[in-house]
Protein chains: 2
Amino acid sequence: MFKIRSLVSALMLAGSVSVASAWEALPAKAPEPADNPSSEAKIELGKILYHDPRLSSTGTLSCASCHNTMLGGEDNRANSIGVHDQTGGRSSPTVWNAAFSKVQFWDGRAASLEDQAAGPVTNPIEMGMKSWDDVVARLKAIEGYQGLFEKAFGKDSISKDNATKAIATYERTLITPNSPYDKYVNGDESALTAQQISGMQKFQEIGCTSCHSGPAFNGEGAFQKFPINSNGYFEAQYHFKKDKGVAEVSKNAADEHMWKVPTLRNIALTAPYFHNGSVKTLDSAVTLMAKLQLGKDLSKEEVADIVAFLNALTGEFPKQTMPVLPGTPGTTLN
Amino acid sequence: MFKIRSLVSALMLAGSVSVASAWEALPAKAPEPADNPSSEAKIELGKILYHDPRLSSTGTLSCASCHNTMLGGEDNRANSIGVHDQTGGRSSPTVWNAAFSKVQFWDGRAASLEDQAAGPVTNPIEMGMKSWDDVVARLKAIEGYQGLFEKAFGKDSISKDNATKAIATYERTLITPNSPYDKYVNGDESALTAQQISGMQKFQEIGCTSCHSGPAFNGEGAFQKFPINSNGYFEAQYHFKKDKGVAEVSKNAADEHMWKVPTLRNIALTAPYFHNGSVKTLDSAVTLMAKLQLGKDLSKEEVADIVAFLNALTGEFPKQTMPVLPGTPGTTLN
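Criteria and cut-off values
- Residues numbered from 1 in each chain as written.
- Chains lettered and ligands numbered in written order.
- Predicted model: local features only at pLDDT ≥ 70, side-chain atom pairs only at ≥ 80, totals over all residues.
- Helix = DSSP H or I, 4+ residues; strand = E, 2+ residues; numbered from the N terminus.
- Contact = placed C-beta atoms within 7 Å.
- Least-squares fit on C-alpha atoms with pLDDT ≥ 70 in both.
- Axes fitted to C-alpha atoms, helices over the stretch in contact; angles between N-to-C directions.
- Parallel < 35°, antiparallel > 145°, perpendicular 65-115°, else oblique.
- Left-handed = near helix turned anticlockwise from the far one by under 90°.
- Nonpolar A, V, L, I, M, F, W, Y, C, P; charged D, E, K, R; others polar.
- Domains from an automatic or database assignment.
- Buried ≥ 20, exposed ≤ 12 C-beta atoms within 10 Å, placed from the backbone.
- Arc of directions from axis to C-beta.
- Expected span 1.5 Å × (residues − 1).
- pLDDT = per-residue confidence, 0-100.

1. Section: the overall build of chain A
Step number 1: Helix and strand counts for chain A stand at 14 helices and 2 strands.
Step number 2: On the principal axes, the C-alpha backbone points of chain A span a range of 65 × 45 × 30 Å.
Step number 3: Looking at chain A alone, contacts between residues at least 24 apart form 70% of all its contacts between residues at least 6 apart.

Following this line, the structure appears as structure tokens:
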């Protein structure tokens, strides 16, 4: 395992914590690394880079193609489509509130948003650029980027390091506050329906919070085994174990089927579910999680209550100005 | 021919018109059809539909994928990439200022923006939906669209007709005013450089304005033959005549190689050039147009002057708020 197994254990022991202290509203700001403090210029550059399809080999896919900032932060597909109609085995995680996780990618192999941002651009089945040297050459060929990088990082600063820093800085602004849940936690008792409150209690009672903890319901970057309980019937349907998760990277048998705990913020908007996107509805996802992780058979009513609660985790999407991407007057890079 | 041949002829006779009356700034508003007056609710709905990838079979391509509202209104590719990595033979025209043309598509087969909007969605090599019935069923399955259509068109109004009306209404707002050219025409003599003014004069003198006339430099929806002059050397390189233009639709020999006159607004941002996107730079495009349409061999200096002028047609892109697309809580359509 990479890290933070201890956090999971700590949270598993936290059953006795009172409701008042266990439930937390989403912070208005995300934590940022010491070597990449936020600035308006970085956010603006990052937003532009994030939406620029020229970061893909075909000039057709930007970060936003699979992590759509106009939707729930992903593409509602089981697997995203990369350049030349290629698909991988995992479902795009949402970019909204990703800043509240200490690790990125389903297998947590990136320790920061900066590290994560570097990945898809040169992944041959995603954005398909041959190398970051090629990406940097492309950015340098787009005149307007010189000034944008200069404002954010100083003179002659177009580089992989700064591009990913800018993208990460922008992503730290992608926070969805004021969900009904947040309003409730902040004292507005009318913000949740009776069913949602019942679902919230059930969610804690059966043990969902042992992993889906913290303000983003993601264990803040914890890892967990999935599925914990073997179930041949479900496995035949959903093939959860085909992908070994963390072990695919670490090659360590102890990491087999270990996964980053995904956020439940806006979970209603990010179907289909699980690392391989094999489960189409939130109802099924809740049923499966209870059975496979907690050994519980939930009644239809219990599932409906928990799903009602999870719908209360849909937040407000901040108003964003659409970026105007710098052009290449008189010619094209594609 | 569909229409407006007479306009082309009229403009060809207009050589004696004084500069003052021939050069026009871009209007702040586009004309709109009597049966689809603009409203804020239609613009908002149209913007959302325009950016919604669920209007494609794979859930990955929206109108904006090929007609990018963050760039020059297209994708800077010779040919766009549709669902399943398919490409057609024509280059995406820009959506910016398209409202100032009386016909749409390279072959002008759509008589309005409304008609145009209906096309790509069900084109099997573009957005790939099987039928507009399927599109409407999909829109009806996205809860938030009910209210958005209701605001724009009244109760239970989700239909192909209204979806394309909303998209067209949004497109009529995609206007880029205040280019250096516009400022110059409006009296600011410092808005153009000496080279740009020289290019502007050359542009008129050699006859470019005989087709590229009107405020959008598009003959307002005129048709013209391209190439007029046969040139085996260029044809071998660029294959302009492989596509028969209007005749591909009308099956009329008289329409062979007739094309809608494209706008020159923001032309610097929409490389590569011509109906098949075969020409990578604006310099080459100007050289070729002079030779093939006007029988003129331009000097390098003349080309540079005209290109400088064409760069002065790049306007201001309006600030837009990024739309928030309605979700399908708890499930997915893809």
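From this point, the discussion proceeds with the structure in view.
2. Examining unusual backbone geometry
Step number 1: In this chain, A:Phe226 is followed by A:Pro227 through a cis amide linkage whose omega measures -10 degrees.
Step number 2: When you line up the elements, A:Pro227 lands in the loop between β1 (223-225) and α11 (232-238).
Step number 3: At the junction of B:Ala271 and B:Pro272, the peptide bond is cis and its omega measures out at -5 degrees in the coordinates.
Step number 4: Despite not being glycine, B:Asn76 shows a phi value in the positive range, around 60 degrees.
Step number 5: Position of B:Asn76 relative to the elements: it lies in the loop between α4 (63-66) and α5 (113-122).
Step number 6: Residues other than glycine seldom take positive phi values, yet B:Phe105 does so here, at roughly 75 degrees.
Step number 7: By the element assignment, B:Phe105 lies in the loop between α4 and α5.

3. Observations regarding the relation of the copies chain A and chain B
Step number 1: Between chain A and chain B, the superposition needs a rotation of 180 degrees and an axial shift of 0.0 Å, giving an RMSD of 0.0 Å. The transformation just described matches what one would write down for a two-fold rotation axis.
Step number 2: Both copies contact each other with a shared surface, as 100% of the interface residues of chain A are interface residues in chain B too.

4. Let's talk about the packing of helix α5 (residues 113-122) of chain A against helix α8 (residues 160-171) of chain A
All names here are of chain A.
Step number 1: Between α5 and α8, the shortest axis-to-axis distance is 8 Å and the interhelical angle comes to 115 degrees. In terms of their interaxial angle, α5 and α8 are classed as roughly perpendicular. Along this stretch, α5 crosses α8, giving a crossing that reads as right-handed. Between α5, through Leu-113, Glu-114, Ala-117 and Ala-118, and α8, the contact on the second element is made entirely by Lys-160, Thr-164, Lys-165, Ile-167, Ala-168 and Glu-171.
Step number 2: For the contact of α5 with α8, the per-class residue count stands at 5 nonpolar, 1 polar and 4 charged.

5. Let's talk about the packing of helix α3 (residues 40-50) of chain B against helix α7 (residues 143-153) of chain B
Residues and elements named next belong to chain B.
Step number 1: Axis separation between α3 and α7 bottoms out at 8 Å; the angle between their running directions is 145 degrees. Between α3 and α7 the crossing geometry is left-handed. Between α3 and α7, the residues in contact are Ala-41, Lys-42, Leu-45 and Ile-48 and Leu-148, Phe-149, Lys-151 and Ala-152, respectively.
Step number 2: Of the residues in the contact of α3 with α7, the class split is 6 nonpolar, no polar and 2 charged.

6. Details of the interface of chain A and chain B
Step number 1: Each side of the interface is counted separately: chain A has 39 residues, and chain B has 39 residues.
Step number 2: Sorting the residues of the side of chain A that touches chain B by element identifies α13 (282-294) and α14 (300-311) of chain A as the ones contributing at least two each.
Step number 3: Here the side of chain A that touches chain B is composed, by residue class, of 15 nonpolar, 18 polar and 6 charged.

7. Focus: the domain arrangement of chain A
All names here are of chain A.
Step number 1: Examined at the domain level, chain A breaks down into domain 1 (5-28 + 178-311) and domain 2 (40-171).
Step number 2: On a C-alpha basis, the centres of domain 1 and domain 2 stand 27 Å from each other.
Step number 3: Taken together, the contacts link 26 residues of domain 1 with 23 residues of domain 2.
Step number 4: Where the side of domain 1 that touches domain 2 is concerned, the elements lending two or more residues are α12 (246-250) and β2 (258-260).
Step number 5: Considering every element that reaches the side of domain 1 that touches domain 2, the biggest residue donor is α12, with 3 residues.
Step number 6: Classifying every residue of the side of domain 1 that touches domain 2 gives 11 nonpolar, 10 polar and 5 charged.

8. Examining α5(A)
Three- or four-residue spacings in an α-helix give side chains the same orientation, since the helix completes a turn every 3.6 residues.
All names here are of chain A.
Step number 1: Here α5 has its buried residues at Leu-113, Glu-114, Gln-116, Ala-117, Pro-120 and Val-121. The buried residues of α5 all sit within an arc of 160 degrees when viewed along its axis, so they share a single face.
Step number 2: Looking at the buried residues of α5, the elements they touch are α6 (132-141) and α8.

9. Focus on the environment of A:Gly46
Step number 1: Assignment of secondary structure puts A:Gly46 in helix α3 (residues 40-50).
Step number 2: Spatially, the C-alpha atom of A:Gly46 lies 9.6 Å from that of A:Phe149, the residues being 103 residues apart in sequence.

10. As for α8(A)
All names here are of chain A.
Step number 1: Between the first and last C-alpha of α8 there are 16 Å, a value that for 12 residues agrees with the 16 Å anticipated at 1.5 Å per step.
Step number 2: Judged by how many residues are buried, α8 sits mostly within the fold: 10 of 12 residues are covered.
Step number 3: Restricting attention to buried positions, one finds in α8 the residues Asn-162, Ala-163, Thr-164, Lys-165, Ala-166, Ile-167, Ala-168, Thr-169, Tyr-170 and Glu-171.
Step number 4: Tucked inside the fold, the buried residues of α8 contact α3, α4 (63-66), α5, α6 and α7 (143-153).

11. Observations concerning the environment of A:Thr69
Step number 1: With respect to the helices, strands and loops of the structure, A:Thr69 is situated in the loop between α4 and α5.
Step number 2: The exposure class of A:Thr69 is buried, given the 24 C-beta atoms found within 10 Å.
Step number 3: When the C-alpha atoms of A:Thr69 and A:Pro318 are compared, they prove to be 10.0 Å apart, with 249 residues separating the residues in sequence.
Step number 4: In this structure, A:Thr69 is in contact with A:Ala64, A:Val95, A:Leu174, A:Gln320 and B:Met322, ignoring residues within four places of it in sequence.

12. Some words on the confidence of the model for chain A
Step number 1: Within chain A, residue pLDDT values average 94, and 94% of them lie at 70 or more.
Step number 2: Segment residues 1-20 of chain A is flagged for pLDDT under 50; beyond a separation of four residues in sequence, or across chains, it makes 25 contacts in the model.

13. Things to note about the environment of A:Ile158
Step number 1: If you trace the backbone, A:Ile158 turns up in the loop between α7 and α8.
Step number 2: A sequence separation of 24 residues divides A:Ile158 from A:Asp134, and the C-alpha atoms of the two residues are 12 Å apart.

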